[in-house]
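# Examination of the molecular architecture
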Amino acid sequence: MKSEILRLLKSSDTYLSGQQICEQFQVSRTAVWKVMEQLKKEGYQIEAVRNKGYRLVDSPDVMSKAEIESLISTKWAGRHVVYYGETDSTNTRAKEQGERGAEHGTLVIADKQNAGKGRRGRSWESPQGTSIYMTILLRPGIMPVKAPQMTLLMAIAATQGIRRVTGLEAGIKWPNDIVSLTGKKLCGILTEMSAEIDYINYVVIGIGVNVNQELFSQEIKERATSLCLELGHKVQRSQLIAAIMESFEKCYDKFMETEDLSGLMEEYNSLLVNRGREVKVLEPGHEYEAFAMGINETGELIVKTADGQEKNIFAGEVSVRGVYGYV
Ligand code: BTN
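The rules behind the values
Residues numbered from 1 in each chain as written. Predicted model: local features only at pLDDT ≥ 70, side-chain atom pairs only at ≥ 80, totals over all residues. Heavy atoms only, no water. UniProt positions renumbered as here; feature names shortened; annotations may be inferred. Helix = DSSP H or I, 4+ residues; strand = E, 2+ residues; numbered from the N terminus. Buried < 20%, exposed > 50% of the residue type's maximum accessible area, 1.4 Å probe, protein only. Contact = heavy atoms within 4.5 Å. Near = heavy atom within 4 Å. Polar contact = N/O pair within 3.5 Å; in protein donor to acceptor, adjacent residues only side chain to side chain. Areas by Shrake-Rupley, 256 points an atom, 1.4 Å probe, with all protein chains shown as cover. Nonpolar A, V, L, I, M, F, W, Y, C, P; charged D, E, K, R; others polar. Domains from an automatic or database assignment. Buried area = accessible area lost by both parts, 1.4 Å probe. Salt bridge = Lys/Arg side-chain N within 4 Å of Asp/Glu carboxyl O. Pairing = 2+ DSSP bridges. Axes fitted to C-alpha atoms, helices over the stretch in contact; angles between N-to-C directions.

With that settled, consider the UniProt feature "binding site: biotin" (unreviewed entry) in the protein chain. UniProt's entry tags Ser-89, Thr-90, Asn-91, Gln-113 and Lys-184 with the feature "binding site: biotin" (unreviewed entry), counted in the numbering of this structure. Judged by maximum C-alpha separation, these annotated positions cover 96 residues in sequence and are scattered in space, the widest gap reaching 23.8 Å. Assignment of secondary structure puts Ser-89 in the loop between β3 (81-84) and α5 (90-99). Residue class for Ser-89 comes out buried when judged on its relative accessible area of 3%. When sequence neighbours within four positions are dropped, the list of residues in contact with Ser-89 reads Gln-113, Ala-115 and Lys-117.

Here it is in structure tokens:
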């Protein structure tokens, strides 16, 4: 009921009478008053005026299950939220949900991770109250070999979400880092899966977005940035989460029509910062320079080498860098 009341408060620009809320949710005035008090404690500024009712004056950057659920308007992506003030890793918690039979689209969110995981065994800095750490649980009826392509769906969704909510021209560094115009990393994605040889039990796609973080460790500060540092102001995390879920649902449904990226290739390539640039392809034990052209329908990066040869690069062992920097 809390998220529903919050949704109602957010959608109304005038006062909502206590009576109106009681009738809509079939609850007592005391129950409504209690919800309002809880919301105030969480940081919402709610004005209560005798004979008029309640009005939401301001919602700062609150993160809670009710706040997120009140903003999400998708059909299935993020409709069920599992929220932690602090946890080890949202990917680990989402896998636990997967084992327990939680529904497709369940979204696990934390305000802080104490064992955030990055790709290739690295860790992911996850301080409290500043950024987004979330993982969506999916149960796609496709062959396991196709699952890595789903990481690219989240890359599109996050880039679109960031652009829509903040106006920042974020872009994708192949295959799934999101970077600012200055080429610094804003966001990372980690996909994990539980599968048999020909059957997916579940896939979890975890995303970390540096939203209001202003300080990074010595180790990553040259390469990392946040939306706040790029824009010069703070961003409401819950709004961004809702926007990413909205885009993700559309991308996923499109992907499932063909079970590949053919319907999304054009959108992905339009957001790809490597496109039309010289890149350094780093294969294990071998590196070469090439011209990046864009992805194909399975998410491989098509590059042209100096002798005019076209090559398709599969992520995994191979990565690309800009010739003069990270992008
Ligand atoms: C990368 O190395 O670029 C991937 C980083 C992925 C971080 C996110 S934060 C939410 C989710 N939970 C984790 O433990 N990792 C992912």
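Having put the structure on the table, let's press on.
In the vicinity of the ligand lie 20 residues, with Ser-89, Gln-113, Lys-117, Arg-119 and Lys-185 positioned nearest. One nitrogen or oxygen atom from the side chain of Thr-90 is found 3.1 Å from a nitrogen atom belonging to the ligand. Relative to its unbound accessible surface of 410 Å², the ligand loses 98% to contact with the protein. Elements with a minimum of two residues in the shell around the ligand: α5, β5 (132-138), β8 (185-196) and β9 (199-209). For the shell around the ligand, the leading source of residues is β8, giving 4 residues. Here the shell around the ligand is built from residues that sort into 6 nonpolar, 10 polar and 4 charged.

Here we take up the domain arrangement of the protein chain. Split by domain assignment, the protein chain resolves into domain 1 (1-58), domain 2 (65-270) and domain 3 (275-321). One C-alpha centre belongs to domain 1, the other to domain 2; they are set 31 Å apart. Contacts between the two partners involve 6 residues from domain 1 and, on the opposite side, 7 residues from domain 2. Between domain 1 and domain 2, roughly 570 Å² of surface is buried when both sides are summed, and carbon and sulfur atoms account for 46% of that area. Three residues stand out in domain 1 for area buried against domain 2, namely Ser-3, Arg-7 and Lys-10, and they jointly supply 74% of the buried area on that side. At the junction of domain 1 and domain 2, the tally comes to 1 salt bridge. Between Lys-10 and Glu-67 there is a salt bridge, and its shortest N-O distance comes to 2.8 Å. Residue composition of the side of domain 1 that touches domain 2, by class: 2 nonpolar, 1 polar and 3 charged.

Further remarks concern the environment of Leu-272. Considering the arrangement of structural elements, one finds Leu-272 in the loop between α9 (265-271) and β10 (278-283). The class of Leu-272 is buried, set by a relative accessible area of 5%. For Leu-272, the residues in contact, after removing those within four places along its chain, are Ile-172, Lys-173, Trp-174, Gly-294 and Leu-301.

Further remarks concern the sheet that holds strand β12 (residues 301-305). Strands in a sheet are paired, the pairing made by backbone hydrogen bonds, and the direction either parallel or antiparallel. With respect to topology, 5 strands assemble into an open sheet ordered β13-β12-β11-β10-β14, the strand pairing being antiparallel. Both outer strands of the open sheet, β13 (310-313) and β14 (319-322), are each paired with one neighbouring strand and no more. On average, each strand axis in the sheet is inclined to that of its neighbour by 45°, with strand direction left out of account. Looking at chain direction, β10 and strand β11 (residues 286-295) are connected through 6 bridges and run antiparallel.

This part takes up the pairing of β5. Buried residues dominate β5, accounting for 7 of its 7 residues. A two-sided burial pattern is seen for β5, the buried positions comprising Ile-132, Met-134, Ile-136 and Leu-138 on one face and Tyr-133, Thr-135 and Leu-137 on the other. Where strand β4 (residues 107-110) and β5 come together, 4 bridges link them in antiparallel fashion. Looking at β5, one finds that Ile-109 is bridged to Met-134. Bridging between β5 and β9 involves 7 bridges; their strand directions are antiparallel. Note on β9: the bridge partner recorded for Met-134 is Ile-207.

On to the pattern of salt bridges. Opposite charge on two side chains permits pairing when their charged atoms draw close. Applying the stated criterion to the full structure yields 18 salt bridges. Across the pair Lys-2 and Glu-42 runs a salt bridge, and its minimum N-O distance is 2.5 Å. Of this pair, Lys-2 sits in helix α1 (residues 2-11) while Glu-42 sits in helix α3 (residues 29-42), and the two are 40 residues apart along the sequence. Taking the relative accessible area as the measure of exposure, Lys-2 reaches 23% and is therefore partly exposed. Here the salt bridges share partners, and the residues they tie into one network are Asp-88, Arg-93, Glu-96 and Arg-100.

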